[in-house]
Structures are given as structure tokens and as C-alpha cells.
Amino acid sequence: MRSPILDYLDSILTATSGISSGETAQYIPELAAADPSRAAVALCTVNGTVYASGDADHGFSIQSMSKPFAYAAAIEAHGLEAVLERIGVEPSGEAFNELSLDPVTGRPRNPMINAGAIVAHALVDDGGGEGAGRMLDLFSRLAGHPLEVDEAVAASELATADRNLGLAYLLHAAQALEVEPRRAVTGYIRQCAVAVTVRDLALMAATLANGGVQPETGERVFGRGTTRHVLSVMTSCGMYDAAGDWLTSVGIPAKSGVAGGIIGVLPGQVGVAVLSPRLDAHGNSARGVEMMRRLSEDLGLHLMEASRPARSSLREVRTEQTRAGTATVYVLQGDLVLSSIESLVRALVESPPPTAQVVFDMSRVDEVLPVARRTAAETAARLIDEGHRIAIIDPESTVPRFQDSRGRPVDRWEGLTAS
Ligand code: GLN
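Residues numbered from 1 in each chain as written. Predicted model: local features only at pLDDT ≥ 70, side-chain atom pairs only at ≥ 80, totals over all residues. Heavy atoms only, no water.

> Explain the sheet that holds strand S1 (residues 40-45) to me, using residue names and the numbers behind them.
In space, the 5 strands of this open sheet follow the order S2-S1-S8-S7-S6, with antiparallel pairing throughout. A strand with exactly one partner marks an edge of an open sheet, and here the two such strands are strand S2 (50-54) and strand S6 (254-256). On average, each strand axis in the sheet is inclined to that of its neighbour by 10°, with strand direction left out of account. Pairing geometry for S1 and strand S8 (residues 270-275), over 6 bridges, is antiparallel. When the sheet's bridge partners are listed, Ala40 is paired in S8 with Leu275. Each of S1, strand S7 (261-266) and S8 is contacted by helix H13 (residues 286-299), which is oriented at about 150° to S8, the strand it contacts most. (Pairing = 2+ DSSP bridges. Helix = DSSP H or I, 4+ residues; strand = E, 2+ residues; numbered from the N terminus. Axes fitted to C-alpha atoms, helices over the stretch in contact; angles between N-to-C directions. Contact = heavy atoms within 4.5 Å.)

So this is what it looks like as C-alpha cells:
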């Protein structure tokens with residue numbers, strides 16, 4: 001049976017097939033000559049399942065979609081603080097190839113524009129030889145198989161790199177870039193020329209969606225904190241001077257590239273990637289933006305969409321005969337987060353358990369957030385202070401042993417196994 005998800009992705013391509021506005025990137029001859037009719041879309045879940053439609057095996061250069069990954073690598077190599085001293089995190093409101101520097105610190109405004117990306121590249125790769133391979137190796141681990149530099153694209157961009165060279169020389173003069181400018185730009189351009197497909201990109205994006213763990217290989221490529229930071233910067237700066245429009249209409253962290261690709265990340269759920277080489281005035285794929293807008297709307301991906309409120313943690317309260325006598329049993333369920341545990345706390349506060357023995361049945365609980373753990377432990381401490389005995393039915397032992405409100409371990413605690 002063919003997956004309806006594939007049919008859905010086909011329908012995205014069909015519905016946007018009439019969009020032919022914009023033109024291929026004219027300032028890089030090899031990209032200017034790209035076939036503008038190429039179109040593809042791919043989606044990868046955090047479980048590593050990839051769905052793709054259209055020219056999904058067509059290779060094209062990653063371009064600026066490499067920037068979030070290079071930035072993440074710089075953070076992993078030097079630590080966030082050191083990187084923040086070199087590159088800001090403020091949207092520039094200017095085009096990607098402007099020299100957008102912070103007027104006070106002289107740092108590039110952010111790592112998604114070329115100025116910041118050249119500095120980020122140089123922080124990982126000083127052009128010392130094995131360096132070019134370092135980004136390639138990283139991107140290959142993210143895609144789950146060996147990638148290669150498209151030498152024709154790299155040569156074409158190097159031959160017309162005046163603007164990026166200009167940025168790098170100015171950054172070098174301002175001591176914002178330590179590596180020799182030509183070396184830094186050569187490495188950065190090779191980073192941008194790595195050939196990928198939308199399938200590769202969907203996996204790379206899904207690694208960010210998955211908190212930094214590549215969903216197919218299970219390799220932790222970036223730390224959780226690094227990933228969250230990079231996604232935040234993608235959200236505010238990933239679409240350059242169209243970032244505000246993007247955030248309101250599509251609403252997911254994203255990054256575009258001048259070869260016509262766009263990646264998007266829905267944290268905890270999916271990575272998506274689209275390709276269509278014609279660019280709008282901001283340098284973002286014109287049809288790609290519309291494909292993303294539809295994906296976001298149809299799949300409910302917009303980050304600011306109020307999600308379904310967490311189900312109440314309290315499934316039922318009942319009185320039961322136990323080995324320890326009559327007990328009030330609180331049956332909990334789902335994820336224990338602050339909004340879901342509130343109903344349990346309210347029930348306990350408004351109508352305290354009538355029996356000395358209190359049982360919390362945790363066998364239907366999935367995940368316990370630290371705030372819920374703390375609130376539960378405090379609630380339990382108060383019940384204990386009031387003379388209740390507490391028992392937990394917890395097959396996976398997701399809660400700590402209880403203490404009273406003065407922090408003394410409580411012996412009136414009893415672990416019961418689910419019967
Ligand atoms: N390599 C391109 C450049 O530096 C990347 C720009 C982009 O994809 N927006 O101009």
C-alpha cells in the first residue's frame with residue numbers, strides 16, 4: 001500500500017507547480033544555470049522515517065542551509081560563551097550579504113548572514129588542510145552517509161567571490177576574523193558547495209528536531225542546549241530580512257540557501273526540506289516558501305499554535321481496600337507537566353484524602369518533568385506532615401522516595417507493585 005503521506009507530499013508539489021516567479025541565483029554562474037523546474041519535498045520524523053516526493057534524489061548545493069550546522073559545530077568546539085563573544089544573535093533586518101555588524105561590539109549581527117557564517121566557519125576550520133574535511137565529515141554524519149563537495153559550484157563561486165572576500169577583509173581588519181580572509185572564504189564557499197538532496201536535508205533537519213541526535217544512526221551530533229540555541233537563532237534570523245514574515249506565516253525555525261533549498265524544523269516532531277531554484281527578492285526560494293507555508297498549515301506545524309492543553313494528570317480518585325487498610329487511590333496518567341499536575345494538586349488541596357493511607361498509582365504515567373516532580377514531592381511532604389502514609393504504584397519508579405517538609409526521609413513510604 002502506498003503511504004497517504006507520500007500522496008500528500010505529491011499534492012504539495014502539484015498545488016505549487018504554477019509558481020514560476022523569481023529567478024535562479026544570478027551572482028554564481030553555476031547556480032544561475034540550474035534547471036529551474038526542479039522541485040522536491042521531503043519530511044523526516046524524529047524516528048528517522050523519511051518521506052520524499054518529486055526530484056528527491058537530485059543533488060544541489062547546500063549553500064546557506066549549512067550555516068546552522070557550522071554554527072552548532074563552532075559552539076560544540078568552543079562553548080557558547082566564546083562563540084557569543086564573536087558572533088551576535090540579533091536579526092539584522094538586512095540582506096544576507098550585507099556587512100551587518102553590531103555598532104558597539106563590532107561582531108557580525110548573527111551567524112545566519114554571510115559575515116557571521118564566515119566567522120563561524122573559521123572557528124571550526126582554520127583552513128589548515130584537514131579542515132575542509134571537517135565540515136564535510138560533520139554534514140555526512142548528519143545526513144547519515146558520505147557527502148561530497150560539488151567542485152563545479154565551489155569553483156564557480158570562488159571565481160566570483162568579491163563580495164564575500166570584501167566582507168572577510170573588513171572583518172579581519174576589525175579583528176572579528178582571525179583566519180586569513182582568502183583562506184576563510186575558500187573554506188566557507190566549500191562548506192556551501194556540499195551537494196545534498198532533500199532527503200539528506202530532511203535528515204539533517206530532523207537531527208535538530210530530535211535534540212541533536214541523528215534519528216537514523218542514533219549518534220548524538222550536537223548537545224541538547226546547542227541544538228535549542230541554534231534553533232532559536234534560525235527562528236529569528238534564518239530567513240534574513242523576511243524573518244518576521246516567515247515567523248508569522250510559516251512559524252517554524254528554518255534556513256534557506258541560494259541554490260533554492262529551504263529546511264524547516266519542528267522541534268520534537270519533524271525536519272522538512274524543499275527545493276525549487278527560483279529565488280524571491282530576499283534570496284529565498286519563491287515556490288519553496290509557498291510549499292513550506294502549506295506544509296505548516298496542513299500539518300499544524302506553526303510553533304505558536306496553541307497546542308492541545310495537556311490532559312489532566314488525575315484520571316480518577318477511588319477508595320480501595322489495601323494490605324495497609326482503606327486507602328484513597330489517586331490514579332495518574334500521561335505526562336506530568338505543570339499544567340497537567342495542577343488538577344491533582346487542586347484536588348488534594350480542596351478535598352484532602354479522607355483516609356490515612358494514600359496511594360498514587362503512577363502506572364499510566366509517561367514522562368515526569370522536573371517541575372512536576374518537585375510539586376509532587378512537596379505535595380506529598382505536606383500530606384506526610386499531616387499524618388498520611390503514602391504508597392506509590394510505580395512500575396518504572398519515576399518518582400523519588402519522599403521526604404517530609406524538613407527534608408527527612410520518610411519511612412511511612414511504601415512501594416507497591418501494580419497488581
Ligand atoms: N554561498 C552563498 C554566499 O555566500 C550562500 C548564500 C546563501 O545561500 N544565502 O553568497
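> Report on helix H11 (residues 224-237), specifying residues and quantitative values.
Helix length check: H11 (14 residues) gives 20 Å between terminal C-alpha atoms against 20 Å at 1.5 Å per residue, within 8%. Along H11, the residues classified as buried are Thr226, Thr227, His229, Val230, Leu231, Val233, Met234, Thr235 and Cys237. The secondary structure elements touched by the buried residues of H11 are helix H3 (67-78), helix H4 (80-86), helix H10 (198-209), helix H12 (243-249), S6 and S7. (Expected span 1.5 Å × (residues − 1). Buried < 20%, exposed > 50% of the residue type's maximum accessible area, 1.4 Å probe, protein only.)

> Please provide a residue-by-residue account of the packing of helix H14 (residues 338-350) against helix H15 (residues 370-385), values included.
Remark: H14 packs on H15, axes separated minimally by 10 Å, with the N-to-C direction vectors making an angle of 10°. On the basis of their axis angle, the class for H14 and H15 is roughly parallel. Only Val371, Ala372, Thr375, Ala376, Thr379 and Leu383 of H15 make contact with H14, whose side of the interface consists of Leu338, Ile341, Val345 and Leu348. A breakdown of the residues in the contact of H14 with H15 according to their chemical character gives 8 nonpolar, 2 polar and no charged. (Parallel < 35°, antiparallel > 145°, perpendicular 65-115°, else oblique. Nonpolar A, V, L, I, M, F, W, Y, C, P; charged D, E, K, R; others polar.)

> Explain the pairing of S1 residue by residue, including any values.
Where burial is concerned, most of S1 is hidden: 6 out of the 6 residues are buried. Along S1, one buried face is formed by Ala40, Ala42 and Cys44 and the opposite face, lined by Val41, Leu43 and Thr45, is buried too. For S1 and S2, the ladder comprises 5 bridges, and the chain directions are antiparallel. Residue pairing in the sheet places Cys44 in a bridge with Val50 of S2. The antiparallel hairpin formed by S1 and S2 contains 4 residues in its connecting segment, where Gly48 sits at a positive phi of about 90°.

> So what's going on with the side chain of His229? Residues and values would help.
With respect to the element layout, His229 can be found in helix H11. Apart from the residues lying within four places of it in its own chain, the contact partners of His229 are Tyr71, Ile75, Leu80, Leu84 and Val89.

> Give a detailed account of the site of the ligand, specifying residues and quantitative values.
Surveying the vicinity of the ligand reveals the residues Tyr27, Gln63, Ser64, Phe96, Asn114, Glu157, Asn164, Tyr188, Cys192, Tyr240, Gly257 and Val258. Between Tyr27 and the ligand, the recorded distance is 2.6 Å, taken from a side-chain N or O atom to an oxygen atom. Note that an oxygen atom of the ligand is positioned 2.6 Å from one of the side-chain N or O atoms of Ser64. Against a free-state accessible area of 300 Å², the protein chains account for coverage of 99% of the ligand. At a threshold of 2 Å from the grid points, most atoms of the ligand map onto the second largest cavity. Each residue belonging to the shell around the ligand can be placed in one class, and the counts come to 6 nonpolar, 5 polar and 1 charged. (Near = heavy atom within 4 Å. Polar contact = N/O pair within 3.5 Å; in protein donor to acceptor, adjacent residues only side chain to side chain. Areas by Shrake-Rupley, 256 points an atom, 1.4 Å probe, with all protein chains shown as cover. 1 Å grid on protein atoms, 1.4 Å probe; cavity = no way out; pocket = protein on both sides within 12 Å on 5 of 7 lines; lining within 4 Å. Sits in = over half its atoms within 2 Å of the grid points.)

> Any chance you could break down the packing of helix H8 (residues 162-173) against helix H9 (residues 181-192) for me, citing the residues and the numbers?
Two numbers describe how H8 lies on H9: the axes approach to 9 Å, and their chain directions differ by 135°. Between H8 and H9, the interaxial angle falls into the category oblique. Both H8 and H9 take part in a crossing whose hand is right-handed. In contact with Asn164, Leu165, Ala168, Tyr169 and His172 of H8, H9 contributes Pro181, Arg182, Val185 and Tyr188. Looking at the contact of H8 with H9 residue by residue, the class counts come to 6 nonpolar, 2 polar and 1 charged. (Left-handed = near helix turned anticlockwise from the far one by under 90°.)

> Tell me what's going on with the sheet that holds strand S3 (residues 60-61), and back it up with residues and numbers.
Ordered by their spatial adjacency, 3 strands build an open sheet running S3-S5-S4, and the pairing between neighbours is antiparallel. Bordering the open sheet on either side are S3 and strand S4 (148-149), each of which pairs with just one other strand. Bridging between S3 and strand S5 (residues 194-196) involves 2 bridges; their strand directions are antiparallel. Counterpart to Ser61 in the pairing with S5 is Ala195.

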